[in-house]
Amino acid sequence: MAHEHFIETGEGTFYGEYIYDQIIPQDHFFRKLNEMLDWCNYSKKMMRWYQGRAQYGRPPFDPVVLLKMLLVAYLYNLSERQVEEYINDSMSAKYFLGLGMDQFAPDHSTLTKFKERMLERKRELKLEQLLEEIVQTAIERGIHFGSIQVVDSTHSIADVNTAKEENRRKGGKGPTDPDAQWGAKGKHSMPGPDGTKTKQVKFFYGYKAHVSLNAENQLITSVVVTPGNAFDGHFLPDLITKDQKQGLPVGIVTADRGYDDIQNHLYVQQQGIHSAICLKSYRTHKKDANKQVWVALKAKPTYQQGLRERYTIERKFGECKRQHGLGRCRYRGLERYEIQAGLIAITLNLKRMVKLLYGVNLRNPAPIIA
């Protein structure tokens, strides 16, 4: 249902609905994405981001138009300037936004103001709530959620030149991005002077997205963002609690060795969930009676079952970074990184849901915008 105070779009005109019906295939990704959700419901929710719920002053664009525009940007890893150009050149994207063929997309500055509204009025509605709505829609549409949740984190490099940053600090200036921090993520082999390779810790400057993923349907169910120096293991209880509040059938939790912490094992046990957190080698190799607890855990079928599903989140992170731009921050500051990580999680879920429900993939390759 259109809001009476929104800018009118040309969707229902001759240059909108009629021509789109002739040109956009019935199985097009954007057509199915439009059908899949009740977008009017999201419009009502996002009105909370507008002062006076947009009843006064100049008419704004329907917030759903702007949300869809951001989703297109993340689907194809386009900047806000690039997505404006892409939508103006793409009939299917204009259809998705509800624009007439002869109508221009909102300009990139309008998207910037929309993101500012998200930040200023996040108490009224958080992106986290929109992600939960997407998960509930998946449940309502009959997408099955399995009992295994996979927890892990991925890092994003800050939009900062670290070499110049060092010079700034020596000159007494503050950091370009005050929320970004140095963190460690994995190891890589480095050849020594004698040719011998040794493993060294990989460091990065930026942020982390801590994620819980349902192994069966590969939908992201909860996200927490932190600076890059946060310890991964501390966020497993928070993620699983969010999953349980959504009514998900969490029966097994699996994660890598970075989550092998007594508190995490106890938390999982207290929730009546089977632990498939990958154990560090010393747990079962030490010479004392306590190791029998870990030996028994390692022998459980649920432990082995969980470990077999850990690859699903690594594959999802690869998709996040290669196709949707999570490898590098678009914005500066933790709150703005939360927008990027949250919108990418929503984008990935919508893309996956269209595949599961209709068997339709996003067009590939992505458009090339100069």
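Structure: above.
Residues numbered from 1 in each chain as written. Predicted model: local features only at pLDDT ≥ 70, side-chain atom pairs only at ≥ 80, totals over all residues. Heavy atoms only, no water.

### Here's the deal with the packing of aromatic side chains
Alright, step 1. Counted by the stated rule, this structure contains 8 aromatic pairs.
Alright, step 2. Between the aromatic rings of W39 and F96, the centroid separation amounts to 5.9 Å while the plane-to-plane angle is 85°, which identifies the pairing as edge-to-face. Taken together, the residues W39 in helix 3 (residues 39-46) and F96 in helix 6 (residues 91-97) connect sequence positions 57 residues apart.
Alright, step 3. Taking relative accessible area as the criterion, F96 reaches 0% and is therefore assigned buried.
Alright, step 4. Among the aromatic side chains, those forming a connected cluster through ring pairs are F29, F30, W39, Y42 and F96.
Alright, step 5. The ring of W294 carries R283 above its face, with NZ or CZ at 4.5 Å from the centroid.
Alright, step 6. One residue, R330, lies across the ring of Y74, its end atom 4.3 Å from the ring centre. (Phe/Tyr/Trp six-rings, centres within 6.5 Å; stacked < 30°, edge-to-face > 60°. Helix = DSSP H or I, 4+ residues; strand = E, 2+ residues; numbered from the N terminus. Buried < 20%, exposed > 50% of the residue type's maximum accessible area, 1.4 Å probe, protein only. Lys NZ or Arg CZ within 6 Å of the ring centre and 35° of its normal.)

### Looking at the environment of N161
Alright, step 1. Tracing the backbone through its elements, the reader meets N161 in the loop between strand 1 (148-157) and helix 9 (162-170).
Alright, step 2. You can call N161 partly exposed: its relative accessible area is 40%.
Alright, step 3. Each C-alpha atom, one on N161 and one on Y205, is 9.7 Å from the other, the two residues being 44 residues apart in sequence.
Alright, step 4. Of the polar contacts made by the side chain of N161, one reaches the backbone nitrogen of A163; its length is 3.1 Å.
Alright, step 5. Within the local environment of N161, its side chain forms a polar contact with the backbone nitrogen of K164, the two atoms lying 3.1 Å apart. (Polar contact = N/O pair within 3.5 Å; in protein donor to acceptor, adjacent residues only side chain to side chain.)

### Describing the packing of helix 4 (residues 63-75) against helix 16 (residues 334-358)
Alright, step 1. Closest axis-to-axis distance for the helix 4/helix 16 pair is 9 Å, and the angle between their directions is 80°. Relative to helix 16, the element helix 4 lies roughly perpendicular. Residues L67, L70, L71, Y74 and L75 of helix 4 form the contact with helix 16, whose own contacting residues are Q340, L343, I344, I346, T347, L350 and K351.
Alright, step 2. Residues belonging to the contact of helix 4 with helix 16 are distributed by class as follows: 9 nonpolar, 2 polar and 1 charged. (Axes fitted to C-alpha atoms, helices over the stretch in contact; angles between N-to-C directions. Parallel < 35°, antiparallel > 145°, perpendicular 65-115°, else oblique. Contact = heavy atoms within 4.5 Å. Nonpolar A, V, L, I, M, F, W, Y, C, P; charged D, E, K, R; others polar.)

### Side note on the side chain of H265
Alright, step 1. With respect to the helices, strands and loops of the structure, H265 is situated in helix 11 (residues 262-270).
Alright, step 2. The exposure class of H265 is buried, given its relative accessible area of 9%.
Alright, step 3. Contact partners of H265, with chain neighbours within four places excluded, come to D260, S275, I277, L279, W294 and L297.

### Some details on the pattern of salt bridges
Alright, step 1. Taken as a whole and assessed by the stated rule, the structure comprises 15 salt bridges.
Alright, step 2. Put simply, K351 and E319 hold a salt bridge, and the shortest N to O gap is 2.8 Å. Pair noted here: K351 is in helix 16 and E319 is in helix 15 (residues 311-324), with a separation of 32 residues, a long-range link.
Alright, step 3. Residue K351 is classed as buried on the basis of its relative accessible area of 14%.
Alright, step 4. Owing to a relative accessible area of 16%, E319 belongs among the buried residues under this scheme.
Alright, step 5. Shared partners join several salt bridges into a network, and the residues in it are D152, K185, K208 and D232. (Salt bridge = Lys/Arg side-chain N within 4 Å of Asp/Glu carboxyl O.)

### With respect to the nonpolar core
Alright, step 1. The biggest cluster of nonpolar side chains holds 102 residues, and the ones touching the most others in it are F30, L33, W39, I87, F114, L236 and L350.
Alright, step 2. Residues within four places of F114 in sequence aside, it is in contact with M46, W49, Y50, P63, L66, L67 and L70. (Core = buried A, V, L, I, M, F, W, Y, C linked by side-chain atoms within 4.5 Å.)

### Considering the pairing of strand 3 (residues 197-214)
Alright, step 1. Alignment of strand 1 against strand 3, held across 9 bridges, turns out to be antiparallel. Following the sheet pairing, S153 is matched in strand 3 by H210. (Pairing = 2+ DSSP bridges.)

### Looking at helix 5 (residues 80-89)
Alright, step 1. Looking at helix 5, one finds that the buried residues are E80, V83, E84, Y86 and I87. Each buried residue of helix 5 lies within a common arc of 165° when the element is viewed along its axis, so the set occupies one face. Opposite its buried face, helix 5 presents the exposed residues R81 and D89, each directed more than 90 degrees away.
Alright, step 2. Check the buried side of helix 5 and you find it contacts helix 2 (29-36), helix 4, helix 6 and helix 7 (108-120). (Arc of directions from axis to C-beta.)

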